[in-house]
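Remarks on the overall topology
Residues per chain, in single letters:
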Amino acid sequence: MTQYIDGLNWRYAVKKYDTAKKVSAQDIDFLKEAVRLSVSSVGLQPYKVIIVETQEVKERLAEAASGNNKNLFADASHLFIFANELNVGEGHVDAYMDNVSEQRGVAREALNGFSDYINGFLNTLTEEQKNIWTAKQSYIALSTLINSAALLKIDATPMEGFDAAKVNQILGLEDRGLNAAVIASIGYRHDEDAQQHAKKVRKPNEQLFITL
C-alpha cells in the first residue's frame, strides 16, 4: 500500500520527455495487462486502445495536438490512444457474451438474462448518450494506465488537448467504429522539466471527503 501511495505522490503530468529513454517491451506488456484488467461497467470494455510507438506516426499525430501537447506527442516513448466504440449495441453485447461463455465455461443460453439486462440499458440511451457513456468508460481505463505506470516509475501525461476528428482521420478510427476519446503519452521525464520539482497540490481531506 505504501508503494502505491508513494507512486501517486511521485507522478505528475510530465511537460517534457527525455527522447533518449524508451519504455521497455516488458513494461509495455505490464501496462497493457493492467489496462486489460481495468474496471469497466458490466465488464463490457466498450473501447479499443491504440498504442503508438513508431516515431513517424507520433509526429503525424502531433499535428492534431494543441499547444505543448505537440511536443508530448512527438517526444514521448509511446502514446496510448483510448478510442471509445461508437453507437455500441447488440453486436457488441453478443461478442461479450460469447467471451464470457468461453472464458467461464458457461452455456451461452445461460447468459441470456445478463445479455437482456445490458441491451435493456443500452436501448434506453440515444446514440449520443451511448457515445458519451463509452467515452467515460475509456477514461476509467486511462486512470488504470496512469496509476499502473506510476508503480513502475514510468511517467505519463493524460491529454484532452487534441483534435479528435484529425486523430480519427490519421488512424482510420471511424472506419472501425471508433473515436479518439483521450490520449496518454508515456515515457521518462527530462531533467529539464522543472515541474517535477513542484510540490504536489491536492485538497486536504477535510475539503475533499464528506463522511455521512
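In this report, we go over the structure that sits alongside the text. (Residues numbered from 1 in each chain as written. Predicted model: local features only at pLDDT ≥ 70, side-chain atom pairs only at ≥ 80, totals over all residues. Heavy atoms only, no water.)

Description of helix α8 (residues 164-171)
- All buried positions along α8 are accounted for by V167, N168 and I170. The arc that holds the buried residues of α8, viewed along the axis, is 165°, so those residues lie on one side.
- Summarising the contacts, the buried residues of α8 are in contact with α3 (55-62), β2 (78-85) and β4 (178-187).
- The backbone nitrogen of A165 has a side-chain oxygen 3.1 Å away, supplied by the residue at the start of α8, namely D163.
- Phi for G172, located one or two positions after α8, is positive at around 65°. (Buried < 20%, exposed > 50% of the residue type's maximum accessible area, 1.4 Å probe, protein only. Helix = DSSP H or I, 4+ residues; strand = E, 2+ residues; numbered from the N terminus. Arc of directions from axis to C-beta. Contact = heavy atoms within 4.5 Å. Polar contact = N/O pair within 3.5 Å; in protein donor to acceptor, adjacent residues only side chain to side chain.)

Some details on the nonpolar core
- Within the largest apolar cluster, 24 residues are counted, with the highest numbers of intra-cluster contacts made by L61, F73, I81, V167 and I183.
- Among the secondary structure elements, those contributing two or more residues to this core are β1 (47-52), α3, α4 (69-75), β2, α8 and β4.
- Not counting residues within four places of it along the chain, the set of residues in contact with V167 comprises L61, A64, I81, F162, A180 and I183. (Core = buried A, V, L, I, M, F, W, Y, C linked by side-chain atoms within 4.5 Å.)

Just distances and angles here, no functional claims.
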